[in-house]
Amino acid sequence: MDSVISSIEVQKRDKNRVNVYIDNEFAFGCNAELVYTYDLKKGKKVDLEFLQSVAEEDNYLNGKNYALKVIEKTYKTEKEIRDKLYKKEYGDKAIDRIISFLKEYKFLDDYKYAEAFIKERIRKYGKNKIKFDLMKKGIEEDLIIEKFSDISYEKEYDSAYTLGEGKYKILIKSEKEIGKNISKIYKKICDFLIRRGFDYNIVNSVIEQLKSSQNLCDNENIIRINEDIERDNVNIVEYSERKYFNKTNNLSLESEEENYQKIKELALKRYKIICKSESDDVKIFRRLCSYLMRRGYSYEKIKSVLKDIIE
């Protein structure tokens, strides 16, 4: 048996919603937009199926408006919006429609989200941390790896070095008796960068660069400290040397003089290129050192060659 709409009243607290009364009793509240969509009016006969369709549409509109308000405050991933809608109990059918609408009109785009997220975070975090955070937000691993291809090793390394250098300056002020505690400082920097999500190989290079940059200060005490650190951090140096064992093993067959000249020749070519865009000796030294270490040369040999070049 059909029922009849007896009245429709605008809600007092929300002018965008109305209360529908059927057979003189309150039946449901809905978005005012549905009054026109479903031609709701006094005297209209309605059945249960009709009322259910109105309720589903109202649920969809409410969820869509809620999602738009969330996105207006801060951009979200598809997973984040789904989680919020589920928490509000909008239901699977309504949520699927809402997500479809948001993606159609580009309110949701995980590809662009990952791109923007990586671009913003790469200055403060390593790829490991960024990947972990994106996967928690529901971004597919393949998409993350694809976007990482746009980030060069040099860019990630520069971020790590900037952070490590800043941490060094903070720690060096708080540590007394530098010669006694310098190894402790570098250990803290190493742990700090690992927590930030940088690869151990990058962290190792940053630590070595921080040590080598002190040599440019022409301070005998700092040089002595660096020698102590190299002994205290044998594992870090050995890790780098093991990685490039095959290369260094071949190099060891050459005479020391030939090896030195080969490294110097390579360093000079790179030096001329770097000097076109960089004038700071410390930064030039750091970039040259990183360049040569990636090619398998030991830190001790690099330090000797670059000292001649920079001076």
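The text that follows walks through the structure, step by step, so that each part is easy to find. (Residues numbered from 1 in each chain as written. Predicted model: local features only at pLDDT ≥ 70, side-chain atom pairs only at ≥ 80, totals over all residues. Heavy atoms only, no water.)

1. Some points on the packing of aromatic side chains
Under the defined criterion, the tally for this structure stands at 10 aromatic pairs. Taken together, a centroid distance of 6.0 Å and an interplanar angle of 25° make the contact between Y75 and Y113 stacked. Separated by 38 residues along the polypeptide, Y75 in the loop between α2 (48-73) and α3 (78-87) and Y113 in helix α5 (residues 110-121) bring together distant segments of the chain. For Y75, a relative accessible area of 31% puts it in the partly exposed group. The class of Y113 is buried, set by a relative accessible area of 10%. Through successive ring pairs, a cluster of aromatic residues spans Y75, Y113 and F117. Lying over the aromatic face of F101, K64 brings its terminal NZ or CZ to 4.6 Å of the ring centre. For K167, the ring lying beneath its charged end belongs to F192, and the centroid distance is 4.9 Å. (Phe/Tyr/Trp six-rings, centres within 6.5 Å; stacked < 30°, edge-to-face > 60°. Helix = DSSP H or I, 4+ residues; strand = E, 2+ residues; numbered from the N terminus. Buried < 20%, exposed > 50% of the residue type's maximum accessible area, 1.4 Å probe, protein only. Lys NZ or Arg CZ within 6 Å of the ring centre and 35° of its normal.)

2. Looking at the sheet that holds strand β2 (residues 17-22)
Spatial strand order, β3-β2-β1-β4: 4 strands in an open sheet with antiparallel pairing. One side of each edge strand has no neighbouring strand; the edge strands of this open sheet are β3 (25-31) and β4 (45-46). Examined bridge by bridge, strand β1 (residues 3-10) and β2 share 5 bridges and lie antiparallel to one another. The partner of V10 across the bridge, within β2, is V18. Most of the contacts of α2 go to β3, to which it runs at about 40°, and overall it touches β2, β3 and β4. (Pairing = 2+ DSSP bridges. Contact = heavy atoms within 4.5 Å. Axes fitted to C-alpha atoms, helices over the stretch in contact; angles between N-to-C directions.)

3. Quick look at the nonpolar core
Ranked by size, the top nonpolar core spans 27 residues in total, and within it V20, C30, L40, I81, L85 and L102 carry the most contacts. Those elements that provide at least two residues to this core are β2, β3, α1 (33-37), α2, α3 and α4 (92-104). Residue contributions to this core peak at 7 residues, all from α2. Discounting chain neighbours no more than four positions away, the residues touching I81 are A67, V70, I71, K76, I99, L102 and L108. (Core = buried A, V, L, I, M, F, W, Y, C linked by side-chain atoms within 4.5 Å.)

4. Observations regarding the environment of I130
Assignment of secondary structure puts I130 in helix α6 (residues 127-136). Accessibility expressed as a relative area gives 1% for I130, which makes it buried. With 16 residues separating them in the primary sequence, I130 and A114 have C-alpha atoms 9.6 Å apart.

5. With respect to α5
An ideal rise of 1.5 Å per residue puts 16 Å on 12 residues; α5 measures up with 16 Å between its terminal C-alpha atoms. Turning to α5, its buried residues are D110, Y113, A114, F117 and I118. Mapping the buried residues of α5 onto a view down its axis gives an arc of 125°, with all of them on the same face. Facing away from the buried surface of α5 by more than 90 degrees, the exposed residues are K112 and K119. Packed against the buried residues of α5 are α3, α6 and α7 (141-148). Measuring from the side-chain oxygen of the N-cap residue of α5 to the backbone nitrogen of Y111 gives 3.1 Å; that N-cap residue is D109. (Expected span 1.5 Å × (residues − 1). Arc of directions from axis to C-beta. Polar contact = N/O pair within 3.5 Å; in protein donor to acceptor, adjacent residues only side chain to side chain.)

6. Details of the packing of α2 against α3
Axis separation between α2 and α3 bottoms out at 11 Å; the angle between their running directions is 130°. Judged on the interaxial angle alone, α3 and α2 are oblique. Viewed along their axes, α2 and α3 form a crossing whose handedness is right-handed. Taking contact as the criterion, the partners of G63, Y66, A67, V70 and I71 in α2 are, on α3, I81, K84 and L85. Tallied by class, residues from the contact of α2 with α3 come to 6 nonpolar, 1 polar and 1 charged. (Parallel < 35°, antiparallel > 145°, perpendicular 65-115°, else oblique. Left-handed = near helix turned anticlockwise from the far one by under 90°. Nonpolar A, V, L, I, M, F, W, Y, C, P; charged D, E, K, R; others polar.)

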